[in-house]
Amino acid sequence: MKRFLLVTAALVAAVAVLVGVTLPRRRLSLAAPTDGTTPGIIHVHTNRSDGLSPPDEIAAAAARAGLKFVVFTDHGDATRRPDPPAYRSGVLCLDGVEISTTGGHYIALDMPASPYPLRGEPRDVVEDVRRLGGFGIAAHPDSPKPQLRWQDWTAPFDGIELLNPDTSWRLWTQQATASIRSPKSGAPGSAWYARRRLAVALLDYPFRPAETIAGLIQASDALLHHWATLAARRRVVTLAGIDAHARLDLRDDPGDSRSVLPLPGYEPSFGVMSIHVRPDRALSGGASADAAMVMRAIRGGHSYTAIDGIASPASFEFTATNEHGTVNEGDELGAGGPVSLRVRSNAPPNFTTKIWSGANVLSGDHREQDFTVSAPAEPAVYWVEILPTDRPNPLTWIRSNAIYVRDSVPPARPPTRRPAAASLPIFDGRSAAGWRVEHDPTSLAAVEAAPIVGGAELRFRYGLSGGASVGQVAALVFDTPRGTTPHDRLTFSIRAEHPMRISVQLRGGAGQSAGDRWQRAVYVDTLEQQRTVYFDDLTPVGETHGSTPAFDSIRSLLFVVDAIHAKLGDSGRIWIKKAELQR
Ligand SMILES: [Zn+2]
Ligand SMILES: [Zn+2]
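Worth saying up front: this structure is predicted, and the values here are computed from it rather than measured.

Caption draft 1: Just the overall build of the protein, in detail. Per the secondary structure count, the protein includes nine helices and 36 strands. Considered along the principal axes of its C-alpha atoms, the protein spans approximately 90 × 75 × 50 Å. Sequence separation of at least 24 residues holds for 70% of the intrachain contacts in the protein that already meet a minimum separation of 6. With 62 positive and 61 negative side-chain charges, the protein shows a separation of 3 Å between the mean positions of the two kinds.

In structure tokens:
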């Protein structure tokens, strides 16, 4: 017994020494001259999806962490009606959604419920969120997990998550498990280095949780370059998402609750970092008016990110002035004469402030809390970073949104497609000859010519079965006769009973591509609209022989209603007035 006590005491002493040696520096407490911003947090999961707690408890944790707003982003397809903005425990709660596309996760804020599920290709989800009036954020584009990582750099998303502690955690664990045979050197970047950092973090977490998580945050240079390339052409709001779940899946199996730790908790996570938005006016206490103001600031990029686990509370202002006037971060300024960039902050003495131009440092190592830098008159994208200089792992404390100095001439428009030189009508405007339907055994579909003044339109009726998912599908099909001249696009006029997305597909019928399908999802409104689908813009459905279809092997054109873009149990009618193959 005595020996046991001795061993225990020795162990406790060893752990205490280890913790004492490894503990991250306590966050610096700063005197905060108010900068007019409101601190909050974006990207929080509740128990409505894979988070641990209900919104009320999370709001209370946010209040204890000193936050003024929190944006919930539960996983979903955007068909759930978002909760109206509400103050809970004095914290303004906004309700958004994190949508899973085939090219990564997309966060949508400030929009009503979608009439149909938002799924499928990232470019379509970005378009849908925009049409619904929402603000979309490309989530964790540097996640090591391909299913999560945002991958579409050409879609016109509104904002981008440049920091995400969940991604940092995944990067560390991936690195730590990278190679069993990795050298035991322990140098940064090695598996042993990552293992040591994680082990130390688990040891330190109970004592200084926010500081420990902050110390693990990794920023990606590649991501910064991606953003800078985009920002040279258009505004892209930069944000940090906390991605808080208050649960840690040790085994990557969401169904296995035995391997879930309630870590890191919401409150410690909320102490790690904050988004400071700069509303036009002080918040009034009225939830919907305040929510509109916070959203306007988020949309406008009138915000900066502060890692509170380093120093808190932050105070920061960034302005640019030239002959056209003075603007704040997030804004555009017409090019005109030299630009003076002014930064004010409450950065402590050992911190350094850098002004960046795109992905290059314009002016570095400023130790002052208030300084102005002169920049050339040329268009550029400026942003500011403040870091502590007195610790081994350089970590950004404050990261601003950008100020865009632009030429007044509008940017060149993207090239448009050449007009069609020839077309082949596949609907004669009188009868449904040549058209037929296909559907799974549980669903229904029918096509007929519906009379209108001066002729007829194609009317497609469908009913997907409800209940369990059994591959529900209903399709309107046109079989192209053998020997049809190759065409490169399909143009059609279409409307539907309710707003929806259908999948326009080409299906191979000859040789090795028999049964192969390629698709492009198209939005269909209740008002008739003309749409053109270019065949080189189609993407494969499942595995195909070739990434785009070869027209001479194509036997069918399909207008498909499926369980990706429609709710199970959905039924309705679609009318097509004109349909032409073109080239
Ligand atoms: Zn995600
Ligand atoms: Zn998430």
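Caption draft 2: Main features of the pattern of salt bridges. Counted under the stated rule, the structure contains 38 salt bridges. Among the salt bridges present, the one from Arg501 reaches Asp124, with a minimum N-O distance of 3.4 Å. Here Asp124 lies in helix H3 (residues 122-131) and Arg501 lies in strand E31 (residues 500-508), a separation of 377 residues in the sequence. Assessed through its relative accessible area of 1%, Arg501 is described here as buried. Take Asp124: its relative accessible area is 1%, and that puts it in the buried class. As a salt-bridge pair, Arg520 and Asp537 come within 3.2 Å of each other at their nearest N and O atoms. In this pair, Arg520 is assigned in strand E32 (residues 517-524) and Asp537 in the loop between strand E33 (529-534) and strand E34 (539-541), connecting sequence segments 17 residues apart. The buried category is assigned to Arg520, whose relative accessible area is 14%. Through salt bridges with shared partners, a single ionic network connects Glu121, Arg123, Asp124, Glu127, Asp128, Arg131, Arg501, Arg520 and Asp537.

Caption draft 3: Region of interest: the layout of surface pockets. Here the largest pocket is characterised by a volume of approximately 1300 Å³. Forming the boundary of the largest pocket are 49 residues, of which Gly215, Ile217, Asn393, Pro394 and Leu395 lie nearest the centre. Counting residues per element, the ones that place at least two in the lining of the largest pocket are helix H1 (2-22), strand E8 (159-163), helix H4 (165-176), helix H5 (191-204), helix H6 (209-216), helix H7 (221-231), strand E19 (351-357) and strand E22 (380-388). Here the lining of the largest pocket gets six residues from one element, more than from any other, and that element is H5. Across the lining of the largest pocket, the residue classes break down as 26 nonpolar, twelve polar and eleven charged.

Caption draft 4: H7, seen in detail. The complete set of buried residues in H7 reads Leu223, Leu224, Trp227, Ala228, Leu230 and Ala231. The arc enclosing the buried residues of H7, seen along the axis, measures out at 160°, which places them on a common side. Residues of H7 that are exposed and point more than 90 degrees away from the buried face comprise Asp221, Ala222 and Thr229. Where H7 is buried, its residues touch E8, strand E9 (237-240), E19, E22, strand E23 (398-400) and strand E24 (403-406). Where H7 starts, the residue carrying a side-chain oxygen 3.3 Å from the main-chain nitrogen of Ala222 turns out to be Ser220.

Caption draft 5: Main features of the coordination of the zinc ion (ligand 1). The coordination sphere of the zinc ion (ligand 1), as far as protein atoms go, consists of Glu98 (OE), His105 (ND1) and His140 (NE2), spread over 2.0 to 2.2 Å. Positions of the donor residues of the zinc ion (ligand 1) along the chain correspond to the pattern E-x6-H-x34-H. Separation of the zinc ion (ligand 1) from the zinc ion (ligand 2) amounts to 3.3 Å, with Glu98 serving as a shared donor to the pair. Classification of His105 by relative accessible area gives buried; the value is 7%.

Caption draft 6: Region of interest: the packing of H5 against H6. One can describe the packing of H5 onto H6 by two numbers: an axis separation of 9 Å at closest approach and a directional angle of 165°. Between H5 and H6, the angle falls in the class roughly antiparallel. For the crossing formed where H5 meets H6, the hand is left-handed. Counting all contacts with H5, which are made through Arg197, Ala201 and Asp204, the residues of H6 involved are Thr212, Gly215 and Leu216.

Caption draft 7: Just the sheet that holds E34, in detail. The six strands lie next to each other as E26-E29-E35-E31-E32-E34, forming an open sheet whose pairing is antiparallel. Each of the sheet's edge strands pairs with one partner strand only, and the pair in question is strand E26 (435-439) and E34. Ignoring which end each strand starts from, the neighbouring axes of this sheet average 35° apart. Sheet topology note: the strand E29 (residues 473-479)/strand E35 (residues 554-562) ladder contains seven bridges and is antiparallel.

Caption draft 8: Quick look at the side chain of Arg507. Residue placement: Arg507 occurs in strand E31. Judged by relative accessible area, Arg507 falls into the buried class, the value being 18%. In terms of polar contacts, Arg507 uses its side chain to reach the side chain of Glu438, at 2.7 Å. If we skip the residues at most four places from it in the chain, Arg507 touches Arg436, Glu438, Val477, Gly515, Asp516, Arg517, Ser553, Ile554, Arg555, Ser556 and Leu558.

Caption draft 9: Molecular detail of the pairing of strand E3 (residues 69-75). Burial within E3 is extensive, with six of its seven residues counted as buried. In terms of strand pairing, strand E2 (residues 38-44) meets E3 through four bridges, oriented parallel. Across the sheet, residue Val44 finds its bridge partner in E3, namely Phe72. In this view, the connection linking E2 to its parallel neighbour E3 by way of helix H2 (residues 55-64) has right-handed handedness. With seven bridges joining them, E3 and strand E5 (residues 91-101) adopt parallel strand pairing. Bridge pairing links Val71 to Leu94 in E5.

Caption draft 10: Spotlight on H3. Residues of H3 that are buried: Pro122, Asp124, Val125, Val126, Asp128 and Val129. Of the surrounding secondary structure, the elements contacted by the buried residues of H3 are E5, strand E6 (104-109), strand E7 (135-138), E31 and E32. At the exit of H3 stands Gly133, carrying a positive phi of roughly 85°.

Caption draft 11: Geometry of the sheet that holds strand E15 (residues 316-322). The strand order E16-E15-E18-E21 describes an open sheet built from four strands, whose pairing is antiparallel. Looking at which strands have only one partner, the edges of the open sheet turn out to be strand E16 (325-328) and strand E21 (370-375). Taking each pair of neighbouring strands and ignoring which way they run, the sheet shows an average axis angle of 20°. Of the pairings in the sheet, the one linking strand E18 (residues 339-345) to E21 comprises six bridges and is antiparallel in character. If you follow Val343 over to E21, its bridge partner there is Phe371.

Here is what the cut-offs are and how they apply
- Note on numbering: residues in each chain are counted from 1, in written sequence order.
- Chain labels run from A onward and ligand labels from 1 onward, assigned in the order the entries are written.
- Owing to the predicted nature of the model, reporting of local features is limited to residues with pLDDT of at least 70; listing and counting of side-chain atom pairs is limited to 80 or more, with chain, interface and lining totals taken over all residues.
- Only hydrogens and water are set aside when side-chain values are computed; all heavy atoms of the structure are taken into account.
- Runs of E in the DSSP output that reach at least two residues are strands. Runs of H or I that reach at least four are helices, and both are numbered from the N terminus.
- Two residues form a contact once any of their heavy atoms are found within 4.5 Å.
- Neither His nor the chain ends contribute to the count of charged residues, in which Lys and Arg are positive and Asp and Glu negative.
- All charge positions are set by atom: Lys at NZ, Arg at CZ, Asp at CG, Glu at CD.
- The term salt bridge refers to a pairing of a side-chain nitrogen on Lys or Arg with a carboxyl oxygen on Asp or Glu at a separation within 4 Å.
- Relative accessibility under 20% of the residue-type maximum defines a buried residue, over 50% an exposed one, and the middle range a partly exposed one, all with a 1.4 Å probe and only protein chains included.
- Cavity and pocket criteria rest on a 1 Å grid covering protein atoms alone: a 1.4 Å probe that fits but cannot get out defines a cavity, protein on both sides within 12 Å along at least 5 of 7 lines defines an open pocket, and an atom within 4 Å of a point defines a lining residue.
- Grid points are joined across faces, edges and corners, and a volume is the space filled by probe spheres set on the points.
- Classes in brief: Ala, Val, Leu, Ile, Met, Phe, Trp, Tyr, Cys and Pro nonpolar; Asp, Glu, Lys and Arg charged; the others, Gly included, polar.
- The directions considered for the arc run from the helix axis to the C-beta atoms.
- Whenever a nitrogen or oxygen atom comes within 3.5 Å of another N or O atom, the pair is scored as a polar contact, on the condition that within protein one atom can donate a hydrogen and the other can accept it, and that pairs from neighbouring residues in sequence are kept only if both atoms are in side chains.
- For Na, K and Ca the donor cut-off is 3.2 Å, and for all other metals it is 2.8 Å, counting N, O and S atoms only; because water is absent from this set, sites may look incomplete.
- Angles here are taken between N-to-C directions and fall from 0 to 180 degrees, while the axes themselves are lines fitted to C-alpha atoms, restricted in helices to the stretch in contact.
- Note on angle classes: values under 35 degrees are labelled roughly parallel, values over 145 roughly antiparallel, values of 65 to 115 roughly perpendicular, and the remainder oblique.
- Here a crossing is taken to be left-handed if its near helix is turned anticlockwise relative to the far helix by less than a right angle, and right-handed if that turn runs clockwise.
- Strand pairing follows a simple DSSP-based rule, namely that at least 2 bridges must link the two strands.
- Classification remark: right-handed applies to a crossover when, strands pointing away from the viewer, the course from the first strand over the helix to the second runs clockwise.

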